[in-house]
Amino acid sequence: MSKSSRRPQQLYTVIMWILSTVFAGFLIGLGSLVIADLPNIDQQTTVKDFVDSGKISRLEHSITLTNKQIINNRLDIEDADVKLQSAKNDYQNAKASLDSWLKTRTATESISQNPEVIKRTRAVESIKQAERIALQQLEDAQTKATQSRRKLTELENRRASILDEARPKYRKSQRARELRIFLLRLALTLPLLVIGGWLLARKRKSSYWPLYRGFVLFALFAFFVELVPYLPSYGGYVRYVVGIMLVFVAGHFIIKGMRSYLERKQVEETRSEGERRQSIEYETALKKIAAKTCPGCDRNIVKREGVETDFCVHCGIRLEKDCTNCGTRNVSFHKFCLSCGTPS
Ligand SMILES: [Zn+2]
Ligand SMILES: [Zn+2]
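Rules used throughout
- Residues numbered from 1 in each chain as written.
- Chains lettered and ligands numbered in written order.
- Predicted model: local features only at pLDDT ≥ 70, side-chain atom pairs only at ≥ 80, totals over all residues.
- Helix = DSSP H or I, 4+ residues; strand = E, 2+ residues; numbered from the N terminus.
- Rg over C-alpha atoms; globule rule 2.2 N^0.38 Å.
- Buried ≥ 20, exposed ≤ 12 C-beta atoms within 10 Å, placed from the backbone.
- Contact = placed C-beta atoms within 7 Å.
- Axes fitted to C-alpha atoms, helices over the stretch in contact; angles between N-to-C directions.
- Left-handed = near helix turned anticlockwise from the far one by under 90°.
- Nonpolar A, V, L, I, M, F, W, Y, C, P; charged D, E, K, R; others polar.
- Domains from an automatic or database assignment.
- Core = buried A, V, L, I, M, F, W, Y, C linked by C-beta atoms within 7 Å.
- Parallel < 35°, antiparallel > 145°, perpendicular 65-115°, else oblique.
- Expected span 1.5 Å × (residues − 1).

1. Description of the overall build of the protein chain
Okay, so step 1: In terms of regular secondary structure, the protein chain is built from 7 helices and 2 strands.
Okay, so step 2: Reading the protein chain from its N terminus to its C terminus gives the helix and strand order α-α-α-α-α-α-α-β-β.
Okay, so step 3: Computed over C-alpha atoms, the radius of gyration of the protein chain comes to 49 Å, more than 25% over the 20 Å expected from 2.2 N^0.38 for 344 residues, which places it beyond the range of a compact globule.
Okay, so step 4: Projecting the C-alpha coordinates of the protein chain onto the three principal axes gives extents of approximately 160 × 55 × 30 Å.
Okay, so step 5: Here the protein chain holds 344 residues, and the buried ones make up 10% of them.
Okay, so step 6: In the protein chain, once contacts between residues fewer than 6 apart in sequence are set aside, the share between residues at least 24 apart is 59%.

Encoded structure:
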């Protein structure tokens, strides 16, 4: 954009780019929603869908029951432990009180035959017996807990082996599902890309080009960004292959465009200076002059200190001239004299 373009025109270009970007943004948003909803068309599966459901549900029921059993076992152990501790304490207390009672009697009486001593000793013995029973109960509870844990391990191993058997089938179906979704996405995004390419090739001169350009941006984004993350293995191939094809097609058109440009310039340079100057579009000429480029041949304008730059040294087109009325030097493409306003 040069300084000599009309100001609204510069603004218009900027606004049209904003329009293209915003349009592309909305299309991308909509497209992302559509693409994100695609996997829902296909039923999501898990490895459990590939095993005998009756078998696995019976196993899982047993696992749940066994887990409950393990919790109960733990409670039983705690209860038995509390009982044992209290039985131990009872015995310790009874034994201590018997011992101190005996001490007070040893000096005076014979111990072994005394019925009172025998009675008290038997009472302590029965408390000891209660302690033994409590210990037995604790051991029983511990044994049961060990059995439950073993049972759980065995059930879980069985479940794991059933699931392991089903895993290859599950993976196969997963891959098939991913491929289906990928092909569906490809079927949506590839035509967009083709339409984008067609718009780019045919509609660049259309007054609706800013909108078409938004669509092209959207198509590129949809194909190269939205398609790929879902399936990097296939997506990567498709992305690079299509990318290579696009670069190839673009290269073909650029080379062709450059050739026809050079041919056009060669033909132009055979025409008379006046004809050529007339054929150059006003805005284009001003842009090129501002960029110090010859509007006739697109080469750099050669200037030398102390010499008036009247002509292009490459193609001979007139670049500056004197006003016929006041003699002021003007750019030959300007329509009016800079000093007196005489049409040139
Ligand atoms: Zn030139
Ligand atoms: Zn003048």
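On we go from here.
2. Things to note about the environment of Val242
Okay, so step 1: Structurally, Val242 can be placed in helix H5 (residues 232–268).
Okay, so step 2: Owing to 17 C-beta atoms within 10 Å, Val242 belongs among the partly exposed residues under this scheme.
Okay, so step 3: Taking the C-alpha atoms as reference points, Val242 and Thr45, separated by 197 residues in sequence, lie 32 Å from one another.

3. Regarding the packing of helix H3 (residues 115–202) against helix H4 (residues 209–226)
Okay, so step 1: At their nearest, the axes of H3 and H4 sit 8 Å apart, and the two run at 145° to each other. For the pair H3 and H4, the crossing hand works out as left-handed. Contacts between H3 and H4 involve Thr189, Leu192, Leu193, Ile195, Gly196, Leu199 and Leu200 from the former and Tyr212, Phe215, Val216, Ala219, Leu220, Ala222, Phe223 and Glu226 from the latter.
Okay, so step 2: The class makeup of the residues in the contact of H3 with H4 is 12 nonpolar, 2 polar and 1 charged.

4. Digging into unusual backbone geometry
Excluding glycine, residues mostly have negative phi values, and the peptide bonds linking residues are mostly trans.
Okay, so step 1: One non-glycine residue, Lys292, lies in the positive phi region at around 60°.
Okay, so step 2: Along the chain, Lys292 turns up in the loop between helix H7 (282–290) and strand E1 (320–322).
Okay, so step 3: We classify Lys292 as exposed; it has 10 C-beta atoms within 10 Å.
Okay, so step 4: Positive phi is not limited to glycine here, since Asp298 has a value of about 65°.

5. Focus: the domain arrangement of the protein chain
Okay, so step 1: The assigned domain composition of the protein chain is domain 1 (1–227), domain 2 (231–268) and domain 3 (282–331).
Okay, so step 2: Here domain 1 and domain 2 have C-alpha centroids that lie 51 Å from each other.

6. Let's talk about the nonpolar core
Okay, so step 1: Membership of the largest hydrophobic core is limited to 10 residues, which are Ala24, Leu192, Tyr212, Phe215, Val216, Phe218, Ala219, Ala222, Phe223 and Leu227.
Okay, so step 2: Ranked by residues supplied to this core, first place goes to H4 with 7 residues.
Okay, so step 3: If we skip the residues at most four places from it in the chain, Ala222 touches Gly31, Thr189 and Leu192.
Okay, so step 4: The next biggest cluster of nonpolar side chains, apart from the first, holds 5 residues, and it includes Leu84, Ala87, Leu138 and Ala141.

7. Topic: the packing of helix H1 (residues 7–37) against H4
Okay, so step 1: It is at 7 Å that the axes of H1 and H4 come closest, and there the two elements cross at 40°. When the axes of H1 and H4 are compared, the pair comes out oblique. Like other packed secondary-structure pairs, H1 and H4 cross with a definite hand, here right-handed. In this structure, H1 contributes Met16, Leu19, Ser20, Thr21, Phe23, Ala24, Leu27, Ile28, Gly31, Ser32 and Ile35 to the contact, and H4 contributes Pro210, Leu211, Arg213, Gly214, Phe215, Leu217, Phe218, Phe221, Ala222 and Glu226.
Okay, so step 2: The residue inventory of the contact of H1 with H4, partitioned by class, reads 14 nonpolar, 5 polar and 2 charged.

8. Some details on H4
Okay, so step 1: Between its first and last C-alpha, H4 extends 24 Å over 18 residues, near the 26 Å set by a 1.5 Å rise per residue.
Okay, so step 2: All buried positions along H4 are accounted for by Tyr212, Arg213, Gly214, Phe215, Val216, Phe218, Ala219, Ala222, Phe223 and Glu226.

9. So, the environment of Tyr91
Okay, so step 1: Considering the arrangement of structural elements, one finds Tyr91 in helix H2 (residues 53–106).
Okay, so step 2: Residues contacting Tyr91, with those up to four places away along its chain left out, are Ile127, Lys128 and Glu131.

10. Describing the environment of Tyr282
Okay, so step 1: Relative to the elements of secondary structure, Tyr282 occurs in helix H7.
Okay, so step 2: For Tyr282, a count of 12 C-beta atoms within 10 Å corresponds to the exposed category.
Okay, so step 3: For the pair Tyr282 and Pro295, spaced 13 residues apart in sequence, the C-alpha to C-alpha distance is 9.8 Å.

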